[in-house]
Amino acid sequence: VWQGMDVVKTVRAMIGETDPAESRPGTIRGDFCVEVSKNVIHGSDSAESARQEISLWFRPEELTCWEDTAQHWIYA
């Protein structure tokens, strides 16, 4: 589970198209997938669907919110 600004858009660019044949080289699906039904990664299409999908696979205590320790120095 990833979090951050524009995370859905960014992750979907990294993982590639749902159909690996349409995914660009250098993306996870473009390099490691063979067909749609044997996909190696999932990326939600919105923050709302991500919340629902995350709850299907993870319990709240399994999720950790990462915080940058330099955050308060940079964005005071």
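Look a little higher up for the structure.
Here is a short report on the structure shown in this document.

The rules we used
- Starting from 1, residues in each chain are numbered consecutively following that chain's sequence as written.
- The predicted origin of the model limits local features to residues at a pLDDT of at least 70 and limits the giving and counting of side-chain atom pairs to 80 or more, whereas totals for whole chains, interfaces and linings rest on all residues.
- With hydrogens and water set aside, each side-chain value is computed from the structure's full complement of heavy atoms.
- Numbering of helices and strands runs from the N terminus, with a helix taken as a DSSP run of H or I at least four residues long and a strand as a DSSP run of E at least two residues long.
- Contacts described as polar in this section are N or O atom pairs within 3.5 Å, which, within protein, must combine one atom able to donate a hydrogen with one able to accept it, while residues neighboring in sequence count only if both atoms come from side chains.
- Note on exposure labels: buried denotes an accessible area under 20% of the residue type's maximum, exposed denotes more than 50%, and partly exposed covers the range between, all computed with a 1.4 Å probe on protein chains only.
- Every residue pair with non-hydrogen atoms within 4.5 Å of one another is taken to be in contact.

Before going further, it helps to spend a moment on the side chain of Ser49. Mapped onto the elements of the fold, Ser49 is located in helix H3 (residues 47–57). Separated by 2.8 Å, the side chains of Ser49 and Asp45 make a polar contact.

Inspection of the secondary structure assignment puts Ser23 in the loop between helix H1 (7–15) and helix H2 (28–32). Residue class for Ser23 comes out buried when judged on its relative accessible area of 11%. The contacts of Ser23, once residues within four sequence positions are left out, are Gly16, Glu17, Arg29 and Gly30.

Another point: the environment of Val7. Tracing the chain through its elements places Val7 in helix H1. Along the backbone, Val7 and Ala47 are 40 residues apart, and their C-alpha atoms lie at a distance of 8.6 Å.

Everything listed here is a matter of geometry and, on its own, says nothing about what the molecule does.
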